[in-house]
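# Fold and contact review
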Amino acid sequence: MACESALPAIMDEQALLGLNPNADACYRQRALAYFEQLKESRDGWEVCAQALAKGIYGDDHVKFFCFQVLEHQIKFRHGSLTGAQQQLIRETLMKWLQLQLMGGQPEKPFIKNKAAQVLALTFVREYLTIWPKFFFDLLSLVGLNPHGLDIYLRTLMAVDAEVVDRDILHSPEETRRNTLIKDHMRESCIPALVESWYQILQTYQRSHSELTCQCLEVVGAYVSWIDLNLIANDRFVNLLLSHMSVEELREEACDCLFEIINKGMDPVDKTKLVESLSQVLQSAGFFNVEQEEDVDFLAKFSRLVNGMGQALVLSWTKLTKSGDVKVATETLQALEAKVPLLLQLLVHEDDDISANIVGFCYDYLHVLKQLPLLTDQQKNNAEAIMLAVMKKLTYDDEYNFENEGEDEAMFVEYRKQLKMLLDRLAQVSPELVLESVRRVFTSTMQGWQTARFMEVEVAIRLFYMLGEALPASHGAHFTGDGSKASALQDMMRTLISSGVSEYRHTSVTLEFFETVVRYDKFFIVEPQHIPSILMAFLDHRGLRHSSPKVRSRVAYLFSRFIKTLHKHMNSYIEDILSRIQDLLELAPPENGFQALLSSDDQLFMFETAGVLIVNGESPADRKQALMRSLLTPLLEAFRLLLNKLTQEGDEDRQTALADCLSHAVGFASRTSKAFSNKQTVKLCGCSEVYLDCLQTFLPALSCPVQRGALRSAVRSFLHRMIICLEEEVLPFIPAASEHMLKDCEPKDLQEFIPLISQITAKFKSQVSPFLQQIFMPLVLAIFEVLSQPAEDNDQTAALEKQMLRRSYFSFIQTIASSGMNEVMANQGAENIERVLFTIIQGAVDFPDPIAQKTCFIILSRLVELWGGKDGLVGFPDFIYKHIVPACFLAPLKTTFDLSDAQTVLMQSWPFWFYLHSGLRSICSLQELCQVLQQPDTKVVKNYMKLCDQDLLPFLICKINLCSWYVK
């Protein structure tokens, strides 16, 4: 041994007791402290090394602990170890490996995996320098010992994870190192490794299936970057194919063959490889899918066939582009020959098997799409795929609609894949898709009363999917292409008149309403069907269905339906409002009854009611009456509940009441979505109604409890009213603002600023006196929140402050951009200076490109407003003392990331000043930023000389400033 530690191989036995998962907390804490002690000690890890090399401890947790300590040394301290210590690590690992060959009880898998990780880390650190014989040493030691080979194969997979695995992110330096490792391995040891794999596969295929499967996994992992000829030869492939007949090995053999097929190579060679493999598999009977009962193997086999098919498609594409017509034709023929097998797998009753072949099917259809003319066989193939898709879209009996779990989620995803095939089929042959769907739909609708739910659902589903498979601009499916429009109209008539909306299964009901809304423009063409479909929405089939899931979805779909057809609803408005009246009631928390619709669903109903009222043809006074009738019950309930809330002492009851009050405000706000601006509100005579709402809701801002929820709701309502009522809302703003700024949290402030910004941008000079009054109280409230201390690791608090800071700068930008410089100018010199310094700080000190960009925009605007002789007194000095230096200090920050898109956008703003100070010659903004980040001031000076000799006098002082800053 090159180095023996003076320390005895004795560890803290009391600390080791804490490694047991069942140990007391004090022992576990001691074990953790001991682990940290050994990690930090210069030679404490040697105790662990000796314990492993001599097999002192039999406890698995202690052995794992020792490997963890070694792992830490190799990963983080390898470069600082002496040569003797590095030698000790190598010898420790080899001695431990030698112990595994003794024939005793094999180690637990988690120990072997950790040992493999440590071996792999050592390999990565030392292979290119001091241990080039790593694999030869391993192979020489383990020979064909199954225990040793187990560690050897696990180590190979760990090396793959460290060096090759593309899912693991590596630094550029690690990537370069890994490339060198692979290059060196190809030159030196890969042939020997491949030979060892062959020997393992041949020797243990019957006696040690688990070891053989490990080896197959290794081959599959390494084949992507080694010479394929080492694997894709008769000797190796025949061995792999023989494994396809061994039940314990064939799934792993399939995966290995898939990786071989998946390797990038010349299209001609790839076609030959696929065809040779295909012929062998076919002759061995693997293409007889119907006779195979093992679905797990078939899922792997389907994946293999999918890889073979996609490889042929890729070869055909490359050969076609290169103009090699002869070989491309041969490749297409080879591809066509796989379609019968594709169809067998696609229609298989097991969805996993079917899903694994979808990629090949999709790519094949893409090939057909590119062909100028389809042969009869290709048309038959397309039709067969269409039939398969329609069959596989069907739910099975086991689908649990009431409690959808993982299996149901997987089927939903699988359906999305099938939809992609249908869309692609429609691109190949729209006539085929339209006619196939029409045939199935019409047949099913004729006998829906006796059909099973899954047959009815899939028939309607296919009709629904036509809307995307055969797209139309803005949903205009019933104009343009005559044959398509006629077919779709026929199907819509059938859907509505067949009575299928009465089918008692939620999946059918939901699909019915989804399809009605997808083709809602049908009712513009044939409005005579509107009454019957409205009844379906409003009765037990829709909004009063027994299933909450159906009611919820129908509430949303009904809203969409009304929005599209509001011009055709005039005759039905008051009847609809009467029928949905009970669905618009605010459900108080003490009610105890389960409402038909949730509060979220009710939002859609109130929006629907608003759209009906506003877009009707009634006179303004009738519209006002209807809107007042809609909102008055809400306002009465709000007053009653707000009074209860102020008197309620129980916190849970307070929360419930506050939620109910928030819902009431939200419902009123949602009705206003029907208005586009103040003009439409006035035309409908509804201004007074919404002013009444404001007067009712604003007292909630002074409620002493549940302030957050109530303020948020009222604030959202004010946003809407600024759009709908415009200047009529202004008298309410000062009092509302005063309440919202009182005892506010960071989130309250962050949400309040957009409201003030909206008011500022909307009304400008009209609100100047108000803004001058509120400006400093708002700014001081923001400063107070931002100055509050927070824990260093409190990410939530840090994010809240960042967002509040952005909102603050956005508010200042809005004022500056609105030409309301008097708002800031009239705050007094001390306050102005304080605000200006926060903007400078935001431009330079905070590593937030979005905020920095905003700050530089503000500064540029202020320079325009106040930089002239008639501007703010003292501001020109501020420009040269603070703003211009900021332009150079910002790029000097290490956080100024030139690879970040926001930063690149932001970096142009500092140089706005630079360019508008008579300094015109800049070679490149990004280049200048990179130069400014150099710690050597000579680099900056030389760069400026190259750009423009005239810049130097001006920049000398700035360069000195930059130099000071860097120091």
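Here we summarise the structure given alongside this text. None of the values given here were measured: they were computed from a predicted structure.

The rules behind each value
- Residues numbered from 1 in each chain as written.
- Predicted model: local features only at pLDDT ≥ 70, side-chain atom pairs only at ≥ 80, totals over all residues.
- Heavy atoms only, no water.
- Helix = DSSP H or I, 4+ residues; strand = E, 2+ residues; numbered from the N terminus.
- Buried < 20%, exposed > 50% of the residue type's maximum accessible area, 1.4 Å probe, protein only.
- Contact = heavy atoms within 4.5 Å.
- Expected span 1.5 Å × (residues − 1).
- Polar contact = N/O pair within 3.5 Å; in protein donor to acceptor, adjacent residues only side chain to side chain.
- Phe/Tyr/Trp six-rings, centres within 6.5 Å; stacked < 30°, edge-to-face > 60°.
- 1 Å grid on protein atoms, 1.4 Å probe; cavity = no way out; pocket = protein on both sides within 12 Å on 5 of 7 lines; lining within 4 Å.
- Points joined across faces, edges and corners; volume = space filled by probe spheres on them.
- Nonpolar A, V, L, I, M, F, W, Y, C, P; charged D, E, K, R; others polar.

The helix and strand inventory of the chain stands at 48 helices and zero strands. Out of the 967 residues belonging to the chain, those deemed buried represent 51%. Counting contacts in the chain only where the partners sit at least 6 residues apart, residues at least 24 apart contribute 72% of the total.

Let us look at the environment of Lys-54. Structurally, Lys-54 can be placed in helix α3 (residues 45–54). The exposure class of Lys-54 is exposed, given its relative accessible area of 55%. Spatially, the C-alpha atom of Lys-54 lies 7.4 Å from that of Trp-96, the residues being 42 residues apart in sequence.

This part takes up helix α39 (residues 795–817). Between its first and last C-alpha atoms α39 spans 32 Å; for 23 residues at 1.5 Å apiece the expected length is 33 Å, and the two agree. For α39, the full list of buried residues reads Ala-797, Lys-801, Leu-804, Arg-805, Ser-807, Tyr-808, Phe-809, Phe-811, Ile-812, Thr-814, Ile-815 and Ala-816. The residue sitting at the N-terminus of α39 and contributing the capping side-chain oxygen is Asp-794; that oxygen lies 3.3 Å from the backbone nitrogen of Thr-796. Trailing α39 by a residue or two, Gly-819 shows a phi angle of about 70°, which is positive.

With that out of the way, let us pick up the packing of aromatic side chains. Any pair of aromatic rings gets described here by the distance separating the centres and the angle formed by the planes. Tallying each qualifying case throughout the model produces 43 aromatic pairs. On the numbers, 5.2 Å between centres and 45° between planes, the contact of Tyr-808 with Phe-809 is tilted. Exposure class is identical for Tyr-808 and Phe-809. Each is buried. What links up through ring pairs into an aromatic cluster is the set Phe-441, Phe-463, Phe-478, Phe-512, Phe-513, Tyr-519, Phe-522, Phe-523, Phe-537, Phe-558 and Phe-561.

Now for the layout of surface pockets. Of the volumes computed, that of the largest pocket is approximately 640 Å³. Lining the largest pocket are 23 residues, and of these Glu-349, Asp-351, Lys-392, Asp-396 and Phe-411 sit closest to its centre. Listing elements by their share of the lining of the largest pocket, those giving two or more residues are α18 (351–355), α20 (376–392) and α21 (406–428). In terms of residues, the lining of the largest pocket owes the most to one element, α21, which gives six residues. When the residues that make up the lining of the largest pocket are grouped by side-chain class, the tally is 11 nonpolar, two polar and 10 charged. Empty space within the second largest pocket amounts to approximately 540 Å³.

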